[in-house]
Amino acid sequence: MIKINGKEYNLFFGMRFLEVIDANGQSDLTENLGYLLTTAIYDKNLLSIAKLVKAGICTNEEILPQDIDSYLEKDATDKELDKLVSFLKSTAKTCNATKKIMKQAEALAKENGFA
């Protein structure tokens, strides 16, 4: 869940999430999603966080992509970003659509000294 402009939005890591990640990626789905998860969680890369959040919230028509960008660029505090990253990590570990890739991302991060 993410709170933007005082309103909470649920993030869903299901089939629609995967379709959005796949459609916007330059490489295959597994490689692209692994990259986004790794850089969002271990590097706190805002672009990767934004892509994951936008894909996870894509079924909600009440919020626009530019609202997410504005929140991440201007409004999110370090504490809120840490909470969001923690949420992304825990959700990616438990959802069927992402848990296998998240295991690979964690192993890679450990192997390279990020985790």
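Everything quoted here is computed from the prediction, not taken from an experiment. (Residues numbered from 1 in each chain as written. Predicted model: local features only at pLDDT ≥ 70, side-chain atom pairs only at ≥ 80, totals over all residues. Heavy atoms only, no water.)

## A word on the packing of helix 3 (residues 46-56) against helix 4 (residues 65-75)
Between two packed helices, the angle of one axis relative to the other and the distance separating the axes together describe the packing.
Here comes step 1: At their nearest, the axes of helix 3 and helix 4 sit 10 Å apart, and the two run at 145 degrees to each other. Pair helix 3 / helix 4 crosses with right-handed handedness. Contacts between helix 3 and helix 4 involve L46, I49, A50, V53 and K54 from the former and P65, I68, D69 and L72 from the latter.
Here comes step 2: Along the lines of polarity and charge, the residues of the contact of helix 3 with helix 4 split into 7 nonpolar, no polar and 2 charged. (Axes fitted to C-alpha atoms, helices over the stretch in contact; angles between N-to-C directions. Helix = DSSP H or I, 4+ residues; strand = E, 2+ residues; numbered from the N terminus. Left-handed = near helix turned anticlockwise from the far one by under 90°. Contact = heavy atoms within 4.5 Å. Nonpolar A, V, L, I, M, F, W, Y, C, P; charged D, E, K, R; others polar.)

## A few points about unusual backbone geometry
Here comes step 1: Unusually for a residue other than glycine, N5 sits at a positive phi of about 50 degrees.
Here comes step 2: Structurally, the position occupied by N5 is in the loop between strand 1 (2-4) and strand 2 (7-9).
Here comes step 3: With a relative accessible area of 66%, N5 lands in the exposed category.
Here comes step 4: The phi dihedral of K44 falls on the positive side, at around 55 degrees, and the residue is not glycine.
Here comes step 5: On the secondary structure map, K44 appears in the loop between helix 2 (29-42) and helix 3. (Buried < 20%, exposed > 50% of the residue type's maximum accessible area, 1.4 Å probe, protein only.)

Everything listed here is a matter of geometry and, on its own, says nothing about what the molecule does.
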